[in-house]
Amino acid sequence: MILNKGKIWHIQNDNTAYSDEELITMIKSGKLKADTRITNRDLKKWIRIKDSIYQFYLPKL
């Protein structure tokens, strides 16, 4: 049984896995900032949210 199905995202300095929906919600709410680094098993490196497809969910200034 897979308990974390769909929870593929990791946030730097956080040991919890997140789903796409959870990540988007945190970005939209401002909990995660443009410079927050995220990764998943396929990326093999940390990227900033502002350099990812998720940049479109960042609040507009």
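Residues numbered from 1 in each chain as written. Predicted model: local features only at pLDDT ≥ 70, side-chain atom pairs only at ≥ 80, totals over all residues. Heavy atoms only, no water.

Asker: Help me out: how do you make sense of the pattern of salt bridges in this one?
Answerer: When the charged atoms of two side chains with opposite charge come close together, those side chains can pair. Applying the stated criterion across every chain yields a total of four salt bridges. The shortest N-O distance in the salt bridge between E22 and K7 comes to 3.0 Å. Taken together, the residues span a long stretch of sequence, with E22 in helix α1 (residues 20-29) and K7 in strand β1 (residues 7-11) at a distance of 15 residues. Residue classification places E22 among the partly exposed positions, given a relative accessible area of 29%. Where D35 meets R48, a salt bridge forms, and the shortest distance between an N and an O atom there is 4.0 Å. Pair noted here: D35 is in the loop between α1 and β3 (37-39) and R48 is in strand β4 (residues 47-48), with a separation of 13 residues, a long-range link. Take R48: its relative accessible area is 27%, and that puts it in the partly exposed class. It is possible to trace a salt-bridge network through shared partners that takes in D35, R48, K50 and D51. (Salt bridge = Lys/Arg side-chain N within 4 Å of Asp/Glu carboxyl O. Helix = DSSP H or I, 4+ residues; strand = E, 2+ residues; numbered from the N terminus. Buried < 20%, exposed > 50% of the residue type's maximum accessible area, 1.4 Å probe, protein only.)

Asker: In this structure, what is going on with the nonpolar core? I would like to understand it.
Answerer: Side chains that are nonpolar tend, in soluble globular proteins, to be buried together. Core analysis: the biggest nonpolar cluster contains 13 residues, and I11, L23, I27, L32, I38, I49 and Y54 have the highest contact counts within it. Among the elements of the structure, β1 and α1 are those that each provide at least two residues to this core. Apart from the residues within four sequence positions on either side, I27 is in contact with L32, I49, Y54, Y57, L58 and P59. (Core = buried A, V, L, I, M, F, W, Y, C linked by side-chain atoms within 4.5 Å. Contact = heavy atoms within 4.5 Å.)

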